[in-house]
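Geometric and topological summary
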Amino acid sequence: MTYQAMSIPPVHIVQADLDAGAVIHLWLKSRRTDHPADLKVRVDGVLLADVVTTRTEEFEFSEVELSQGGKAELSYNPLDAAVSLIYMFHPLTVRDEGICVLHHAAENAPPDVADNYHFRPPFGWMNDPNGFGRFAGQVHLFYQHYPHRLRWNTMHWGHAISKDYIRWKHLPVFLFPSEELSKRDDGRGGAFSGSAISAAGPGGGIRVFFTEQMRDRKPEEQIQLSALSADGLVARPPSVVLPQRPDGLDLTLDFRDPYVFKGPDGYWKMLLGSRDKCGGVVLLYETLDPEAENGWTFIATLHRENRYGMTAAECPCMVPLSDIDDPQARWALIFGLLTSRDAVTGRRNMTSVTVGRFNGRSFKPEVEQELDFGSDAYAFQAFVDDGGPVGIAWLANWTDVSKKDDFPTAMTLPRRVLWDGAAVLTPPVESVVSLRHLALDASRLVSGEQLRLESGAVEIELDLVAPGAPFELAFGHADIDLGVRLDADGLAILFADRSGKTSPRYLAVGARPSHVRIFLDAGSIEVFADNGRWTGTKRLPSFAGIRSVAMKAGWRAISAARIWQLKI
């Protein structure tokens, strides 16, 4: 397949060699209130579609299926029409090839980052992971998405699939906002966060659950919807499954992020995040419907958290830490603490993990810890896959988001969710070792030499001579000061942006690991100590690569140090 774009004023033409049956998705709006926008699709000179819109506020979506193959030309007058995005795919091969982006505007262009191995959308804005799960043998990742800018706005669901959690094929946009919301670009709502399960009906497929947000809607701004996708590519029109909040709990309008999973009693459960006057709450619903399509009823407030000045509990999820049929199985309840602030470290929007017993209708907490000491692993969502639970999070924090500035983001490395009998461990999935492209060093770092890094995409693995043996690594970066330190306080990511602004402390208090893995990439650092017993994630406000690494202190604490260049 080949394609090119060229400007021949006043007509802009996008060309591509396409097969019969190929599908084109495009978004178009008019630049003029007195004249419609018009985009023509020709194949070998034959006009197959004439897409017209009078919409001027927000881009209008159109789908064109080609009845014949050949040299396709998509032409429009840029004085009359604004085109945000054009991509194509063939339904029979898209799972193997992904979509092919033919055109995007400057406003929604993805960052140009070489060797970047974290998941990023092919265009536009991304935040929470949604519907993370394995369906028909492939891992699916849906995510909060706005296609037309690198800023949050009216929510859609993006979609990608993978065989190893690391290498992804981008699929067509999966969920769209309602027609009313899609006509405007004022961020009033859309298809907010949710989850997905395998459809149990005769045709199979994927059933998704999500919150529809519509600001100022009465009486409920947030309601819960479900949609079925028979082919895993296109969602059928959704239906409402929860039209209102439960009565008698004095809840605010926060009522969102349905997470659906099979309980130990064999029935489908749904968690929802909300808040009342005292703080955040996680609500539990249940249905006896084997297809989870209808019959959802409120059971109880499953959990409450009112510390750190938090408001709503967001993006709750719950996974068993051993065989679900084991009556002694422990479950991990994970959710985000929106607007929370740790007074000791200054970190915001933290994520809690609470381990306890769950019988399908009540939860008895036993152990609590933080998911991530870096605080840039938000909206974590997990599911039970081969080998146990695995999850992924948005590699960002709402504290850093500006409505006035572009904010390209990524997902964290996918992580296992393990239980060692005392704590939850979140190491990276095993397939990250396949990223090791070139061994860079096994001796010079511990000898005190500063190592130059050709690519900022690297993994560093350290073995310590004893648990908690102190050391400090310093990384060379053009825009920020960055390092990793282990001392009597614990394990820390050292970060300063050189603006003079005080940064939070990213510290795992009291951590005494004997093994540390550090993953560096354009725009991020992730630290995993003792198989994820302590995990820290920090988004970096620059895509400049890490240029060097040196052992600033404690080189005698390191018995072995290995460094690899990473590449997809």
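Worth saying up front: this structure is predicted, and the values here are computed from it rather than measured. (Residues numbered from 1 in each chain as written. Predicted model: local features only at pLDDT ≥ 70, side-chain atom pairs only at ≥ 80, totals over all residues. Heavy atoms only, no water.)

Right, let's talk about the overall build of the protein chain for a bit. Looking only at helices and strands, the protein chain features 2 helices and 42 strands. Relative to a compact globule of 568 residues, whose C-alpha radius of gyration would be 24 Å, the protein chain shows 24 Å and is just as compact. The principal-axis extent of the C-alpha atoms belonging to the protein chain is close to 75 × 60 × 45 Å. Each of the 568 residues in the protein chain was classed as buried or not, and the buried ones make up 59%. In the protein chain, of all internal contacts separated by at least 6 residues, the share reaching a separation of at least 24 is 60%. Of the charged side chains in the protein chain, 59 are positive and 72 negative; the average position of the first set lies 4 Å away from that of the second. (Helix = DSSP H or I, 4+ residues; strand = E, 2+ residues; numbered from the N terminus. Rg over C-alpha atoms; globule rule 2.2 N^0.38 Å. Buried < 20%, exposed > 50% of the residue type's maximum accessible area, 1.4 Å probe, protein only. Contact = heavy atoms within 4.5 Å. Lys, Arg positive; Asp, Glu negative; His and termini not counted. Charge placed at Lys NZ, Arg CZ, Asp CG, Glu CD.)

Moving on, we get to the sheet that holds strand S19 (residues 268-276). Strand order in the open sheet made by the 4 strands is S18-S19-S20-S21, with antiparallel pairing throughout. Single-partner strands in this sheet number two, and they are strand S18 (255-262) and strand S21 (297-305). Within this sheet the neighbouring strands show an average axis-to-axis angle of 25°, counted without direction. Bridge count between S19 and strand S20 (residues 279-287): 9 bridges; the pairing is antiparallel. (Pairing = 2+ DSSP bridges. Axes fitted to C-alpha atoms, helices over the stretch in contact; angles between N-to-C directions.)

This next bit is on the state of the cysteines. A covalent bond between the sulfur atoms of two cysteines is what we call a disulfide. Under the criterion given, the structure shown has 0 disulfides. Cys315 forms no disulfide, and the closest cysteine sulfur to it belongs to Cys317, at a distance of 9.0 Å. For Cys317, a relative accessible area of 1% corresponds to the buried category. (Disulfide = S-S within 2.5 Å.)

The next thing to look at is the sheet that holds strand S34 (residues 471-476). The sheet built from 6 strands is open, its strands ordered S32-S41-S34-S35-S36-S37 with antiparallel pairing. Since the sheet does not close on itself, it has two edges, and those belong to strand S32 (451-452) and strand S37 (506-509), each with one partner. Pairing between S34 and strand S41 (residues 548-553): 5 bridges, direction antiparallel. Each bridged residue has a counterpart across the sheet, and for Leu473 the counterpart in S41 is Met551.

Further remarks concern unusual backbone geometry. In this chain, Lys218 is followed by Pro219 through a cis amide linkage whose omega measures 0°. Among the secondary structure elements, Pro219 is positioned in the loop between strand S15 (206-214) and strand S16 (222-229). In the Ramachandran plot, Asp257 falls in the positive-phi region, its phi being about 65° despite a non-glycine side chain. Along the chain, Asp257 falls in strand S18. Asp257 sits in the buried class, given a relative accessible area of 5%.

Another point: the packing of aromatic side chains. In total, this model carries 25 aromatic pairs according to the counting rule given. Ring geometry for Phe119 against Trp168: centres 5.5 Å apart, planes inclined by 75°, an arrangement best described as edge-to-face. One end of the pair, Phe119, is in the loop between strand S9 (100-104) and strand S10 (125-135); the other, Trp168, is in strand S13 (residues 168-170), and 49 residues separate them in sequence. For Phe119, a relative accessible area of 5% translates into the label buried. Ring-pair connections join several aromatic residues into one group, and the members of that group are Trp27, Phe61, Tyr87, Phe89, Phe123 and Phe176. Positioned over the ring face of Trp564 is Arg436, at 3.7 Å from the centre of the ring. Sitting over the face of the ring of Phe495, Lys538 holds its NZ or CZ atom 4.3 Å from the ring centroid. (Phe/Tyr/Trp six-rings, centres within 6.5 Å; stacked < 30°, edge-to-face > 60°. Lys NZ or Arg CZ within 6 Å of the ring centre and 35° of its normal.)

So, about the pattern of salt bridges. Within this structure, the stated rule accounts for 44 salt bridges. Linking Asp254 and Arg275 is a salt bridge whose minimum nitrogen-to-oxygen distance equals 3.9 Å. Residue Asp254 is located in the loop between strand S17 (239-242) and S18, and its partner Arg275 is located in strand S19; the two are separated by 21 residues in the primary sequence. Here Asp254 falls in the buried class, since its relative accessible area comes to 16%. (Salt bridge = Lys/Arg side-chain N within 4 Å of Asp/Glu carboxyl O.)

When you line up the elements, Ala312 lands in the loop between S21 and strand S22 (313-320). Looking at Ala312, the relative accessible area reads 0%, which means it is buried. When the C-alpha positions of Ala312 and Arg256 are compared, they lie 9.6 Å apart, and in sequence the two are 56 residues distant. Dropping the residues within four chain positions of it, Ala312 is found in contact with Asp254, Arg256, Ser274, Arg275, Gly280, Gly336, Leu337 and Leu338.

Let us now look at the side chain of Asp276. Mapping Asp276 onto the fold places it in strand S19. Look at Asp276 and you get buried, because its relative accessible area is 10%. If we skip the residues at most four places from it in the chain, Asp276 touches Leu249, Asp250, Leu251, Val281 and Arg304.

Among the structural elements, His104 can be located in strand S9. Taking the C-alpha atoms as reference points, His104 and Leu26, separated by 78 residues in sequence, lie 9.7 Å from one another. The contact partners of His104, leaving out residues within four places of it in the chain, are Ser84, Leu85, Ala109 and Pro110.

What follows covers the pairing of S41. Two strands pair when backbone bridges link them, and S32 and S41 are joined in this way by 2 bridges, in the antiparallel orientation. Across the sheet, residue Leu451 finds its bridge partner in S41, namely Val549.

Our focus in this paragraph is the environment of Ser559. Here Ser559 shows up in strand S42 (residues 558-566). The sequence separation of Ser559 and Asp463 amounts to 96 residues, and the corresponding C-alpha distance is 5.5 Å. Ignoring sequence-local partners within four residues, the contact set of Ser559 consists of Asp463, Leu464 and Val465.

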